[in-house]
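Structural overview for review
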Amino acid sequence: DGRLTFYPGNQTVDLPFINFMKRYGTVFLNAYTNSPICCPSRAAMWSGLFTHLTESWNNFKGLDPDYVTWMDLMEKHGYRTQKYGKLDYTSGHHSVSNRVEAWTRDVDFLLRQEGRPMVNLTGDRKHVRVMEADWRNTDKAVNWIKEEAINLTQPFVLYLGLNLPHPYPSPYAGENFGSSTFLTSPYWLEKVTYEAIKIPKWSSLSEMHPIDYYSSYTKNCTGEFTKQEVRNIRAFYYAMCAETDAMLGEIISALRDTGLLKKTVVIFTADHGELAMEHRQFYKMSMYEGSSHVPLLVMGPGVKAQQQVSNVVSLVDIYPTMLDIARIPIPQNLSGYSLIPLLRGKAENNMSRRGLRPLWVLSEFHGCNVNSSMYMLRTGKWKYIAYADGRSVLPQLFDLTADPDELTNVAIKFPVIAHSLDKLLRSIVNYPKVSSSVQEYNKRQFISWKQSLGQNYSNVIANLRWHQDWLKEPKKYENAIDKWL
């Protein structure tokens, strides 16, 4: 959650290396994902293109495997490149459940797709390496810096993708279950200030926006939660962020120890945030700040120190920025703009090579846990969210200055603003048309998957992540799918 990198969010947990980057570099106060879920978000970051252009609709459908990323271009221009950890921007790396839930989101049924969010404390006060796979990848990256990067005559670009602070799969609910366990050790939990944890306000279920209700239900969050449960989920999430920060620290320390820190640009960001029980949801797949607002910190040569940038930016800006750093010509067709003028502390009214950066960012979502395509435009203090065809589901408008927790939809109160933002959104993306093509894609994909299973279809679909609900009335749910088809 990007809000943890600046005040007041950063009062809840100690993140020393994020703070180090703030002291010696620039923090972006309004950085957003272009799609709040792993694969589509990463597809946008690696391609520099909005989701409706990459057609990375869900966690199963990312970029084509032969897509030319900014790293490919840097390699072509003489950079030594290295990648470790989670990449997740090409298709096919997620479970069958994940894709079937995304394809069937237009079906008229409500089924829980996740385990109820819960916490789990492991080990003792000495247990530092909770997420072992991430630590192994961090060690590999550190060794690469100390053994390879230090001896290179050419420039290098190193990418490290961490899984944390992603919740862990819940083993109690079967192999196809979602990631619903927040796991940490006492060592990290001690870095969290419990008194500073804000308990989010919830609307009653009956007052919820219909899309929110669907998300809350499929994420198994409509039951009763005590304040203590909510506080714990949030605390464990912050503790997982502290562990992530320590891995960032390992990279910064390796660069410092090798004398490379002063001549290396370091960028820290994320594919999406975590709602951590805001709006009666956990996980992502939402345009609310907890899910769509990402961290973005940059330090290194030419980057202004102790700078906070309030311009809205998004992950598609990474592609042109990387090329700009490497002095590689930036292609004209990108959705993003180089962050270099902002990082150097130059006012944005200077004309950049590709004209002015727009005053808005776009995010969109077409995957599971949400029963409609959604499109978010953030500009100034406003956040506008449109759904589906723009008519069948009411839009949302939030004034983030007056209502930072996004509890009051003011679309009806400010119809002129809602209308002008909708017009701006339609000038960027013909969203009713995109929604419709996603619906067609979902049907096509589902039909071909169903045909591939033959006689086995009924058994397979009943035992996906929603099996606890589905198995109570399998015929009813199969009929709902038939009706949809």
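Note that the coordinates shown come from a computational prediction; the quantities given were computed from them, not determined experimentally.

As for the domain arrangement of the protein chain
Reports often express the size of an interface as the amount of accessible area lost when the parts come together. Here the protein chain is described as being made up of domain 1 (16-351) and domain 2 (444-484). A straight line from the C-alpha centre of domain 1 to that of domain 2 covers 32 Å. On the side of domain 2, 17 residues touch domain 1, which itself brings 21 residues to the contact. Between domain 1 and domain 2, a total of about 1800 Å² is buried, with carbon and sulfur atoms accounting for 65% of that surface. At the boundary of domain 1 and domain 2, one finds three salt bridges. In this assembly, domain 1 and domain 2 are joined by four residue pairs in polar contact (both at pLDDT 80 or more). No other element matches helix 5 (residues 96-103), which puts six residues into the side of domain 1 that touches domain 2.

What to know about unusual backbone geometry
With an omega of 0°, the peptide bond between Tyr 7 and Pro 8 qualifies as cis. You can see Pro 8 is positioned in the segment before helix 1 (16-24). Leu 164 connects to Pro 165 through a cis peptide bond whose omega is 0°. If you trace the backbone, Pro 165 turns up in the loop between strand 4 (156-161) and strand 5 (168-169). Unlike most non-glycine residues, Gln 306 shows phi in positive territory, near 50°. Tracing the sequence through the fold places Gln 306 in the loop between strand 8 (296-299) and strand 9 (307-314). With a phi close to 50°, Ala 388 is a non-glycine residue in the positive phi region. With respect to the helices, strands and loops of the structure, Ala 388 is situated in the loop between strand 12 (382-387) and strand 13 (396-399).

Parameters and conventions
Residues numbered from 1 in each chain as written. Predicted model: local features only at pLDDT ≥ 70, side-chain atom pairs only at ≥ 80, totals over all residues. Heavy atoms only, no water. Domains from an automatic or database assignment. Contact = heavy atoms within 4.5 Å. Buried area = accessible area lost by both parts, 1.4 Å probe. Salt bridge = Lys/Arg side-chain N within 4 Å of Asp/Glu carboxyl O. Polar contact = N/O pair within 3.5 Å; in protein donor to acceptor, adjacent residues only side chain to side chain. Helix = DSSP H or I, 4+ residues; strand = E, 2+ residues; numbered from the N terminus.

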